[in-house]
Amino acid sequence: MALEVPHVTASLVLALDIGTSSVRAVLFDEAGRQVDGGLADRPHAPDVTPDGGAELDPGALLSRTAAAIDEVLVAAGGRATAIRAVGLATFWHGLMGTDAADTPVTPLYLWADVRASAHAARLAERLGADALHARTGCPVHASFLPAKLLWLGETRPDPFRRAAWWGSFGEWLHRRLFGRPDAPASLSMASATGLLDQTTGRWDETILGAIGLDPRRLSPIGDLDNVSQGLAPEWARRWPPLARVPWLPAVGDGATGQIGSGCTSSDRIALNVGTSSALRVLVDGPVVPPPPGLFGYRLDGRQGVVGGALNEGGNVVAWARETFRLPAGAEMEAVLERLPPDAHGLTVLPWLMGERAPGWRGDLTGTITGLSLATRPIDLLHALMEAVALRLALVEERLERRVPPEAVVVASGGAMLASPAWRRIVADALGRPVVASGEPEASARGAALLALRETGLLSSLQHAPARLGARLDPEPARHATYRAARDRQQALDERLFAR
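Moving on, we get to the overall build of the chain. Of regular secondary structure, the chain possesses 17 helices and 23 strands. In terms of C-alpha radius of gyration, the chain reaches 22 Å, essentially the compact-globule figure of 23 Å for 499 residues. Oriented by its inertia axes, the alpha-carbon framework of the chain measures out at about 65 × 50 × 40 Å. Within the chain, the proportion of its 499 residues that are buried is 62%. If you take every contact in the chain between residues at least 6 apart in sequence, the share linking residues at least 24 apart comes to 75%. In the structure as shown, the chain presents an accessible area of about 18,600 Å², 52% of it carried by carbon and sulfur atoms. Distance from the positive charge centre (50 side chains) to the negative charge centre (55 side chains) of the chain: 1 Å.

Written out as structure tokens, the structure is:
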């Protein structure tokens with residue numbers, strides 16, 4: 001669909017950031033700056049199950065998204081008429097099914113759902129893990145859609161048969177708001193499913209045959225210029241300023257976070273630590289095959305994203321603080337900053353939700369060794385924060401060929417920005433400078449910048465530089481300590497989980 005942008009002055013764009021833990025609606029001006037007061041935040045939490053499930057209710061998420069839009073439009077007042085486009089970021093690897101009336105017949109299964117781990121192993125054995133990774137850019141893992149769909153077909157056959165359509169929440173949002181059954185899966189979202197043959201740009205027939213899925217039950221694939229425009233009457237009446245503006249297809253929030261934090265060239269490595277964590281680099285063209293242990297997704301038809309994601313991030317810290325009844329805030333930060341590196345005597349494998357990069361073993365569980373009567377709750381928290389940093393260092397090691405030696409890490413995400421002590425640990429573990437992002441809404445900002453570019457208000461992503469905060473340079477002695485700790489962590493992994 002061609003872009004039809006109403007002419008207004010003092011242009012704004014609305015960005016929706018639909019994440020694992022919240023929905024945000026954020027207004028930005030045409031320079032990519034967040035508008036004062038133009039933020040609505042609706043938090044939520046996935047339903048988790050003892051067998052490894054992680055789900056959201058699609059209907060409730062739609063209501064939460066609509067409420068966030070309501071709130072930000074009210075806050076904008078008369079300026080809402082200056083909104084020229086809507087950009088959308090959402091989490092990668094989400095899966096839901098709807099019936100012929102587009103009513104959900106399943107929950108929204110999240111990236112963190114590991115119940116399909118055994119089915120991932122079967123697919124790897126049957127189709128070849130290396131071949132699938134090279135073709136799709138996605139490791140064979142329970143996070144991705146092939147294993148999830150195979151698991152659903154075998155364990156939940158009734159909703160699997162009833163589902164006329166399978167896709168992510170981002171596509172369903174367009175289908176519902178615009179009454180558009182042909183709403184595309186963007187190349188960004190499709191590339192992170194594990195179902196896309198990135199060498200051809202089409203859904204992979206071999207994988208679909210193996211899981212028993214007709215490609216007509218998936219969305220068509222489009223790029224960012226395949227916008228939706230003209231809200232269905234119910235929504236047009238609710239949001240008159242948005243009724244005729246273009247809405248871009250959903251883009252993976254990891255890719256938009258990359259853009260929003262200013263990591264638009266290979267000399268900046270994007271680190272995001274929110275609920276989970278990831279290191280990513282933006283490159284020209286597709287990234288297939290990716291380096292071993294890493295993923296290769298797409299931002300759009302022009303650029304790719306290579307990196308690795310962990311299931312662990314702020315969720316691990318939140319779990320430790322709640323379990324051990326530790327306070328948050330400046331006082332705790334001061335204590336953490338005084339603790340020497342790796343001085344607690346603990347070795348931690350932090351897999352509270354299974355492993356993603358670099359080993360992609362979804363059935364693993366967490367381990368702590370070295371406990372003694374001298375171990376304090378703060379030691380456990382510190383060890384978990386260090387353990388996540390050590391796993392990120394393994395990802396960074398595999399990225400080295402894609403980045404120059406002088407590349408710096410730009411850190412974003414609420415969990416990382418809230419903790420200078422954790423940023424210090426990461427800088428020393430990686431052996432690279434870590435700069436705090438000055439953009440508190442990096443994923444939303446990236447979606448806004450893409451919307452500005454697609455509407456012609458921004459000629460290049462580089463023309464809207466991101467704000468940056470304090471820089472932490474690694475200390476050689478601390479880096480050496482963490483290299484030894486990483487070796488010890490790897491040795492424990494090999495002893496316990498060697499296959």
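Moving on from the model shown.
Before going further, it helps to examine the packing of helix 13 (residues 377-399) against helix 15 (residues 420-430). Contact geometry for helix 13 and helix 15: axes closest at 9 Å, N-to-C directions at 40°. Classified by the interaxial angle, the pair formed by helix 13 and helix 15 is oblique. The interaxial crossing formed by helix 13 with helix 15 has right-handed handedness. Seen from helix 13, the contacting residues are His382, Met385, Glu386, Val388, Ala389, Leu390, Leu392, Ala393 and Glu396; seen from helix 15, they are Trp422, Ile425, Val426, Ala429 and Leu430.

On to helix 6 (residues 169-178), then. Side chains of residues three or four places apart in an α-helix project in the same direction, reflecting 3.6 residues per turn. In terms of residue burial, helix 6 counts as a mostly covered element, since 9 of its 10 residues are buried. Every buried residue of helix 6 is listed here: Phe169, Gly170, Glu171, Trp172, Leu173, His174, Arg175, Leu177 and Phe178. Structurally, the start of helix 6 carries an N-cap: the backbone nitrogen of Gly170 is 3.2 Å from a side-chain oxygen of Ser168. At the exit of helix 6 stands Gly179, carrying a positive phi of roughly 55°.

If you check helix 16 (residues 442-454), its first and last C-alpha atoms are 18 Å apart, about what 13 residues at 1.5 Å a residue would give, namely 18 Å. Counted residue by residue, helix 16 has 13 buried out of 13 residues, so it is predominantly covered. Once helix 16 finishes, Gly456 follows within two positions and takes phi at roughly 85°, a positive value.

As a further point, take the packing of aromatic side chains. In the structure shown here, the tally under the stated rule is 11 aromatic pairs. Ring-pair connections join several aromatic residues into one group, and the members of that group are Phe178, Trp235, Trp239 and Trp247. Over the ring of Phe160 we find Arg217, and its NZ or CZ is 5.0 Å from the ring centre.

The next point concerns the sheet that holds strand 23 (residues 468-472). Strand pairing in a sheet takes place through backbone hydrogen bonds and is either antiparallel or parallel in direction. Taking strand neighbours across the sheet as the criterion, the 7 strands line up as 17-18-16-15-21-22-23 in an open arrangement whose pairing is mixed. The open sheet has two edge strands, strand 17 (295-298) and strand 23, and neither has a second partner. Across the sheet, the axes of successive neighbouring strands diverge by a mean angle of 30°, strand direction being ignored. Of the strands in this sheet, strand 15 (268-273), strand 16 (277-284) and strand 18 (303-310) touch helix 10 (residues 253-260), which is tilted by about 70° from strand 16.

A word on the nonpolar core. Ranked by internal contacts, the top residues of the largest apolar core, which has 128 residues, are Leu14, Trp239, Leu242 and Trp247. Among the elements that make up this core, the one with the highest residue count is helix 13 (14 residues). Those residues in contact with Leu14 that sit more than four places away from it in its chain are Ala25, Val26, Leu27, Ile69, Val72, Ile83, Ala85, Val86, Gly87 and Leu242. Ala116, Leu149, Ala185 and Ile211 belong to the second-largest nonpolar core, a separate cluster that totals 31 residues.

Angle between the axes and distance between the axes: these two values describe a pair of packed helices. Across the interface, helix 12 (residues 330-338) lies against helix 13 with an axial gap of 11 Å and an inter-helix angle of 75°. One way to sum up the angle between helix 12 and helix 13 is to call them roughly perpendicular. Of the residues in helix 13, those in contact with Met332, Val335 and Leu336 of helix 12 are Ile378, Leu381, His382 and Met385.

Approximately 910 Å³ is the volume attributed to the largest pocket. Considering the residues around the largest pocket, the lining is formed by 46 residues, among which Asn272, Gly274, Thr275, Gly413 and Gly414 are closest to the centre. Those elements that place two or more of their residues in the lining of the largest pocket are strand 2 (22-29), helix 10, strand 16, strand 17, helix 11 (314-323), helix 14 (414-417) and helix 16. Top contributing element to the lining of the largest pocket by residue count: helix 11, with 5 residues. For the lining of the largest pocket, the residue count by class is 17 nonpolar, 20 polar and 9 charged.

What follows concerns empty space enclosed by the protein. Summed over all chains, the structure comprises 4 cavities of 30 Å³ or more. By volume, the largest cavity is sized at about 110 Å³. As for the largest cavity, its lining consists of 15 residues, of which Leu145, Gly167, Ser168, Glu171 and Thr193 are closest to the centre. The set of elements that each furnish at least two residues to the lining of the largest cavity consists of strand 9 (165-167) and helix 7 (187-191). Broken down by class, the residue content of the lining of the largest cavity amounts to 8 nonpolar, 6 polar and 1 charged.

Cut-offs used in this document
- Residues numbered from 1 in each chain as written.
- Predicted model: local features only at pLDDT ≥ 70, side-chain atom pairs only at ≥ 80, totals over all residues.
- Heavy atoms only, no water.
- Helix = DSSP H or I, 4+ residues; strand = E, 2+ residues; numbered from the N terminus.
- Rg over C-alpha atoms; globule rule 2.2 N^0.38 Å.
- Buried < 20%, exposed > 50% of the residue type's maximum accessible area, 1.4 Å probe, protein only.
- Contact = heavy atoms within 4.5 Å.
- Areas by Shrake-Rupley, 256 points an atom, 1.4 Å probe, with all protein chains shown as cover.
- Lys, Arg positive; Asp, Glu negative; His and termini not counted.
- Charge placed at Lys NZ, Arg CZ, Asp CG, Glu CD.
- Axes fitted to C-alpha atoms, helices over the stretch in contact; angles between N-to-C directions.
- Parallel < 35°, antiparallel > 145°, perpendicular 65-115°, else oblique.
- Left-handed = near helix turned anticlockwise from the far one by under 90°.
- Polar contact = N/O pair within 3.5 Å; in protein donor to acceptor, adjacent residues only side chain to side chain.
- Expected span 1.5 Å × (residues − 1).
- Phe/Tyr/Trp six-rings, centres within 6.5 Å; stacked < 30°, edge-to-face > 60°.
- Lys NZ or Arg CZ within 6 Å of the ring centre and 35° of its normal.
- Pairing = 2+ DSSP bridges.
- Core = buried A, V, L, I, M, F, W, Y, C linked by side-chain atoms within 4.5 Å.
- 1 Å grid on protein atoms, 1.4 Å probe; cavity = no way out; pocket = protein on both sides within 12 Å on 5 of 7 lines; lining within 4 Å.
- Points joined across faces, edges and corners; volume = space filled by probe spheres on them.
- Nonpolar A, V, L, I, M, F, W, Y, C, P; charged D, E, K, R; others polar.

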